[in-house]
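One-letter residues, chain by chain:
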Amino acid sequence: MAKSVNPDAISFLLANPSPDFSSDAPTDIVVQILDLKKAGNKFSFMASDGKMKLKALLQSTLSSEVESGKIQNLGLISILNYTVNDIPMKNETTYSTQTVFSKFLIVTKCAAVSPALEAEIKAEGKMEESGIVLKPKPEMAITSEVKSEGTGIILKPKQELVVKSAAQIVHEQNGNMAPAARMAMTRRVHPLVSLNPYQGNWTIKVRVTGKGNMRTYKNARGEGCVFNVELTDEDGTQIQATMFNEAAKKFYEKFQLGKVYYISKGTLKVANKQFKTVQNDYEMTLNEYSEVEEASNEATFIPETKFNFVPIDELGPYVNSKEFVDVIGVVQSVSPTVSIRRKINNETIPKREITIADESKKTVVVSLWNDLATTVGQELLDISDKSPVVAIKSLKVGDFQGVSLSTLSKSIIVVNPDTPESNKLRSWYDSEGKETSMASVGSGMITATNSGMRSMYSDRVLLSHITRNQSLGEEKPAFFSIKAYISLIKPDQTMWYRACKTCNKKVTEAIGSGYWCEGCQKNDDECSLRYIMVAKVADASGEAWVSVFNEQAEKIIGCSADELDVLKSQEGEGNDFQLKLKTATWVPHLFRVSVTPHEYMSEKRQRITARTVAPIDFAAESRFLLEDISKMKASQ
């Protein structure tokens with residue numbers, strides 16, 4: 001039998017705007033999707049049962065189902081969880097005493113029943129669009145009541161109406177009941193994914209998975225205090241809640257990390273992407289009238305960990321941003337634990353580094369700190385020979401060696417998770433990944449910002465701007481782009497080091513034979529050579545020494561360190577080594593460099609490091625110069 005819609009599905013949805021799916025709701029609400037289109041990071045559509053239509057929206061968590069083709073226009077879906085909200089609309093045709101509301105179906109969970117059908121399903125009779133209602137504005141009071149009685153009309157005076165909330169009624173009836181139990185009884189607990197700014201009363205049940213410090217601020221409106229918490233519900237959905245001033249003082253001690261709470265009477269707004277620390281379209285604000293009650297004396301829950309993975313080769317735009325990322329990868333190497341002394345308080349904390357790779361054929365170093373270094377880190381070291389898969393949530397992206405990752409106090413690491421992403425990665429690694437040559441994601445990576453990858457033409461300066469400002473980079477590394485020539489590469493300098501083929505760390509000659517890697521804690525019969533050298537660069541304003549590492553040096557010299565070592569060993573038979581270095585000089589390059597101070601022999605100096613090296617793109621360079629000339633003319 002052909003799959004079809006439920007003929008009364010829309011009527012049921014309108015009659016049950018916030019159902020409790022643990023009780024009497026039907027298990028199969030099937031509608032057809034019409035006019036499916038993208039709306040921001042969500043998808044909007046018209047839900048149809050053949051007789052009626054209703055405006056609807058798929059939550060952003062379901063966008064992947066549309067993009068993968070599981071949910072299609074003219075297709076059928078079974079709605080498993082939803083809410084129907086009244087959303088105010090612009091009222092240009094009705095009287096000012098009425099506000100137009102549109103019923104909107106928010107689908108938070110569904111399953112695809114059928115791909116696109118040949119045509120729209122229509123029942124006999126006229127199709128009608130439901131969901132438009134007119135409501136009086138709350139400030140316009142109705143002062144009298146008209147009643148027909150026989151042939152006369154009697155006007156009754158307005159009676160005083162006392163409005164009580166459900167919580168007040170239940171409190172009066174159950175004075176001795178626990179506050180959390182009252183809140184649980186008065187409202188249905190909503191999943192976080194179903195909340196939006198247009199919703200009315202709601203209650204959520206969440207665990208505090210992150211708590212910030214109380215901070216003070218001062219602006220044009222005065223002084224105050226603020227703090228925020230990270231809340232996670234049973235499904236693993238997260239949201240950030242912020243409290244200011246009186247609310248901050250009221251709830252700071254109440255919110256305890258790891259405890260579960262019922263929360264209501266908060267407000268939502270679209271999240272500021274610049275400051276959000278969790279994956280949610282909205283952020284919550286609690287004021288002094290919000291209700292927060294601990295869910296004690298009842299079963300709590302451990303939130304399901306949900307990941308939003310970023311491929312390793314796409315980490316660039318997140319460097320030094322306030323947004324955290326989730327990654328999944330195959331462990332390539334695990335270092336032993338080392339102790340790092342903090343400059344702030346002289347405290348010693350453990351640190352361990354792991355290198356992971358994914359299907360983008362890129363690797364990245366993840367620094368594990370504190371307990372993660374000694375617990376999960378040790379577990380990974382013990383099974384490192386089996387190349388385990390790790391999924392890591394909430395990582396900070398830094399710019400060490402181009403791109404690096406660091407764990408935070410709220411980071412979560414799952415070893416060999418049983419997920420489709422993990423199984424796919426494992427299959428790829430076993431079939432081809434283990435034999436594939438991997439490169440660090442930092443190689444050739446341009447410094448990134450919140451707005452995306454930095455261009456070689458941004459922050460362009462002359463060398464003299466760097467060398468004359470010795471204070472550059474004192475607080476944090478300063479980044480610039482320069483166009484310069486390689487003017488000198490000293491042939492007698494130490495140009496490379498012996499490196500482990502697995503983790504690229506320095507190795508030493510082992511007793512007997514082979515090479516010992518401290519990072520991998522193993523002997524290897526062979527090692528590779530990796531560049532670590534300095535080169536003098538020059539432009540029209542001056543010259544400077546620049547530190548150059550392996551990937552950048554290969555672009556400058558035109559061969560690997562192993563190949564150059566072979567030429568050097570044959571120097572007695574010819575001059576190929578010297579010729580190779582000479583050929584590399586007086587060639588123009590674009591450089592992205594970092595500038596930091598350092599001390600050498602008690603003397604303060606600048607350290608200029610080449611982060612990226614690229615050949616001159618003459619078309620792009622010409623456009624850059626023309627734009628520069630236009631700016632100069634405009635300023636005159």
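Along each chain, the written sequence defines residue order, and numbers are assigned to residues from 1. Local features in a predicted model are, by the rule used here, given only for residues with pLDDT of at least 70; side-chain atom pairs are given and counted only at 80 or more, and totals for whole chains, interfaces and linings are based on all residues. Each side-chain value is worked out from all heavy atoms of the structure, with water and hydrogens disregarded.

Concerning the nonpolar core
Counting residues in each nonpolar core, the largest one holds 35 residues, and the members touching the most others are Ile489, Ile557 and Phe591. Core analysis: the second largest hydrophobic core is formed by 26 residues, Ile356, Leu395, Leu405 and Val415 among them. Residues belong to a common nonpolar core when they are buried Ala, Val, Leu, Ile, Met, Phe, Trp, Tyr or Cys residues joined through side-chain atoms within 4.5 Å. Buried residues are those whose accessible area, probed at 1.4 Å on protein chains only, stays under 20% of the maximum for their type, while exposed residues exceed 50% and partly exposed ones sit between those limits.

Describing the sheet that holds strand S29 (residues 507-509)
A pair of strands counts as paired when DSSP detects no fewer than two bridges linking them. The way it works is that DSSP assigns letters per residue, a run of H or I at least four long becomes a helix, a run of E at least two long becomes a strand, and they are numbered from the N terminus. The antiparallel open sheet is built from three strands, whose spatial order is S29-S30-S31. Since the sheet does not close on itself, it has two edges, and those belong to S29 and strand S31 (522-524), each with one partner. Across the sheet, the mean angle from the axis of one strand to that of its neighbour is 35°, orientation sign disregarded. As a rule, the C-alpha atoms of each element are fitted with a line to give its axis, helices using only the stretch in contact, and angles between N-to-C directions run from 0 to 180 degrees.

So, the pattern of salt bridges
Salt bridge, as used here, is a side-chain nitrogen of Lys or Arg placed within 4 Å of a carboxyl oxygen of Asp or Glu. Summed over all chains, the structure comprises 19 salt bridges. Of the charged contacts in the structure, one is a salt bridge between aspartate 281 and lysine 42, with a shortest N-O distance of 3.0 Å. A residue pair is termed long-range when its members are at least 10 positions apart, and aspartate 281 in the loop between strand S15 (267-270) and strand S16 (282-286) and lysine 42 in strand S2 (residues 42-48) qualify at 239 residues. You can call aspartate 281 buried: its relative accessible area is 18%. You can call lysine 42 buried: its relative accessible area is 9%. Between arginine 426 and aspartate 430 there is a salt bridge whose closest N-O contact spans 3.3 Å. You can see arginine 426 and its partner aspartate 430 sitting in helix H8 (residues 420-431), four residues apart, about one turn around the helix.

Structural notes on a nonpolar patch on the surface
Residues with no salt bridge and a relative accessible area higher than 30% make up the patches, which join like charges within 9 Å and nonpolar side chains (Val, Leu, Ile, Met, Phe, Trp, Tyr) within 5 Å. Note on areas: Shrake-Rupley with a 1.4 Å probe; residue coverage comes only from the protein chains shown. A cluster of nonpolar residues, Leu488, Val534 and Trp545, forms a patch on the protein surface that exposes about 230 Å² of accessible area. For tryptophan 545, a relative accessible area of 35% translates into the label partly exposed.

Thoughts on the packing of aromatic side chains
The criterion for an aromatic pair is that two Phe, Tyr or Trp rings (for Trp, the six-membered ring) have centres within 6.5 Å, with stacked assigned to planes under 30 degrees apart, edge-to-face to planes over 60 apart and tilted to the rest. On inspection of all chains with the given rule, the structure shows eight aromatic pairs. Ring geometry for phenylalanine 251 versus phenylalanine 255: centroids 6.1 Å apart, planes at 50°, classification tilted. Neither residue differs from the other here; phenylalanine 251 and phenylalanine 255 are each classed as buried. A centroid spacing of 5.3 Å and a plane angle of 75° characterise the contact between phenylalanine 255 and tyrosine 261, whose relative ring orientation is edge-to-face.

Some points on H8
Residue count minus one, scaled by 1.5 Å, sets the expected span of a helix. The end-to-end C-alpha distance of H8, which contains 12 residues, comes to 16 Å, matching closely the 16 Å that a straight helix rising 1.5 Å per residue would cover. For H8, the full list of buried residues reads Ser422, Leu425, Trp428 and Tyr429. All buried residues of H8 lie within an arc of 130° about the axis, which places them on one face of the element. Residues of H8 that are exposed and point over 90 degrees away from its buried face: Pro420, Lys424 and Ser431. Contacts are assigned to residue pairs that have any heavy atoms within 4.5 Å of one another. Looking at the buried side of H8, the elements it contacts are strand S18 (325-334), strand S20 (348-357) and strand S22 (389-398). The arc in question is the one traced by the directions running from the helix axis out to the C-beta atoms.

A short note on the environment of lysine 393
With respect to the helices and strands, lysine 393 occurs in strand S22. Using a relative accessible area of 9% as the deciding quantity, one classes lysine 393 as buried. Between the alpha carbons of lysine 393 and leucine 408 there is a distance of 9.4 Å; along the sequence they are 15 residues apart. Contact partners of lysine 393, with chain neighbours within four places excluded, come to Gln238, Thr305, Lys306, Phe307, Val325, Asp326, Ser411 and Ile412.

With respect to the environment of arginine 215
On the secondary structure map, arginine 215 appears in strand S11 (residues 215-219). Overall, arginine 215 belongs to the partly exposed group, its relative accessible area being 40%. C-alpha separation for the pair arginine 215 and phenylalanine 244, spaced 29 residues apart in sequence, amounts to 9.6 Å. When residues no more than four places from it in sequence are discounted, the contact partners of arginine 215 are Gly224, Cys225, Val226, Phe227 and Asn228.

Some thoughts on the confidence of the model for the chain
You can read pLDDT as the predictor saying how much it trusts each residue, on a scale of 0 to 100. Residues with a pLDDT of 70 or more make up 82% of the chain, whose mean pLDDT is 80. Averaged pLDDT values for the elements of the chain fall to 39 in strand S26 (residues 452-453) and rise to 94 in strand S32 (residues 528-539). Contacts from residues 444-453, a stretch scored under 50 in pLDDT, to residues over four places away or in other chains number 32 contacts.

A few points about the state of the cysteines
Two cysteine sulfur atoms make up a disulfide if the distance between them is within 2.5 Å. The tally for this structure, following the rule as stated, stands at zero disulfides. Counting only cysteine sulfurs, cysteine 517 is the nearest neighbor of cysteine 500, a cysteine outside any disulfide, at a range of 3.7 Å.

What about the side chain of asparagine 550?
Turning to its location among the elements, asparagine 550 is positioned in helix H10 (residues 550-557). For asparagine 550, a relative accessible area of 8% puts it in the buried group.

Overview of the packing of helix H11 (residues 561-569) against helix H12 (residues 576-584)
It is at 7 Å that the axes of H11 and H12 come closest, and there the two elements cross at 135°. Taken as axis vectors, H11 and H12 run oblique relative to one another. Taking contact as the criterion, the partners of Leu564, Leu567 and Lys568 in H11 are, on H12, Asp576, Phe577, Lys580 and Leu581. Three classes are used, and their members are as follows: Ala, Val, Leu, Ile, Met, Phe, Trp, Tyr, Cys and Pro are nonpolar, Asp, Glu, Lys and Arg are charged, and the others, Gly among them, are polar. Residue composition of the contact of H11 with H12, grouped by class: four nonpolar, no polar and three charged. Every angle not falling under 35 degrees, over 145, or within 65 to 115 is termed oblique; those three ranges are roughly parallel, roughly antiparallel and roughly perpendicular.

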